[in-house]
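Structural features, examined
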Protein chains: 2
Amino acid sequence: MTPNELSAAFGALADPTRRAILARLTEGDRTVAELSAPFKVSQPAISRHLKVLEGAGLISRSRRATARLSHLEADPLRELTAWLAAHQEYWDESYDRLDALLAALQGKPADEPFSRDE
Amino acid sequence: MTPNELSAAFGALADPTRRAILARLTEGDRTVAELSAPFKVSQPAISRHLKVLEGAGLISRSRRATARLSHLEADPLRELTAWLAAHQEYWDESYDRLDALLAALQGKPADEPFSRDE
């Protein structure tokens, strides 16, 4: 995933309707009409959201007879999760270790997050 | 995290400079000057990015003498990761890997056949 693809994917997630559409697609492929039903927005508005999601690689679209089906693409979401987790891992680990060390030194359990230079 | 906060946080991540700033902050708190150094953008431009990150709750800022320090906030990133991971759950084949990821996010050891207690 290039930096631009990563930006497009995060940008696509920065909208509650688009996130709700993705959540809905975890249940299976859906038509625009099916995806529009739970929302108070028009089908053209949903279509625009689907275009953004498709442009970001988060969904793909195919035809079934006259309907156009949206399908969730797992890989980009997995990469976003990996990006976030990689950064979290860094400080979670260092804080957890420091926590444990300080707790051991002070004879206390390490249930509080380590508070920094204060 | 409300839908609006989630949108703001994902939106803040939709920029490569802001992601690079967050990555840098995993190493520790930094001043604007320190954060600007590796980039070909001005300090005011970096300051604007920091404002977006602060508004999204991804960083907090404090003063040390005349310098203004940026500090990474782990919790919102953890919530974003949890959001993504929850959706991945539906289709992810390697359930064990997800299990381990979620356990790591929650700061708990994953289900393992051995105990880490000594």
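Definitions and limits used
- Residues numbered from 1 in each chain as written.
- Chains lettered and ligands numbered in written order.
- Predicted model: local features only at pLDDT ≥ 70, side-chain atom pairs only at ≥ 80, totals over all residues.
- Heavy atoms only, no water.
- Helix = DSSP H or I, 4+ residues; strand = E, 2+ residues; numbered from the N terminus.
- Contact = heavy atoms within 4.5 Å.
- Pairing = 2+ DSSP bridges.
- Axes fitted to C-alpha atoms, helices over the stretch in contact; angles between N-to-C directions.
- Salt bridge = Lys/Arg side-chain N within 4 Å of Asp/Glu carboxyl O.
- Buried < 20%, exposed > 50% of the residue type's maximum accessible area, 1.4 Å probe, protein only.

Remarks on the environment of L58 of chain B
All names here are of chain B. Tracing the backbone through its elements, the reader meets L58 in the loop between α4 (43-55) and β2 (59-64). In the structure, L58 is positioned 36 residues away from L22 in sequence and 8.2 Å away in space, judged by C-alpha atoms. Excluding residues within four positions of it along the chain, L58 makes contact with A9, A12, L13, L22, L53, H71, L72, E73, P76 and L77.

Details of the environment of Q43 of chain A
Relative to the helices and strands, Q43 of chain A resides in helix α4 (residues 43-55). Counting along the chain gives 10 residues from Q43 of chain A to A33 of chain A, while the straight-line C-alpha distance between them is 6.7 Å.

A short note on the sheet that holds strand β2 (residues 59-64) of chain A
Residue and element names in this part refer to chain A. Here we have 3 strands laid out as an open sheet, ordered β1-β3-β2, and antiparallel in their pairing. A single partner strand is all that each edge strand has here, and the edge strands are β1 (30-31) and β2. Note that β2 and strand β3 (residues 67-72) share 6 bridges and pair antiparallel. Looking at β3, one finds that R61 is bridged to S70. Packed on one face of the sheet, helix α2 (residues 16-25) meets β1, β2 and β3 and runs near 90 degrees to β3.

Some remarks on the pattern of salt bridges
By the definition in use, this model includes 6 salt bridges over all chains. Across the pair R30 of chain A and E27 of chain A runs a salt bridge, and its minimum N-O distance is 3.5 Å. You can call R30 of chain A buried: its relative accessible area is 17%. With a closest N to O distance of 2.6 Å, D75 of chain B and R78 of chain B form a salt bridge. Here D75 of chain B pairs with R78 of chain B, and both are found in helix α5 (residues 74-88), just 3 residues apart, close to one helical turn.

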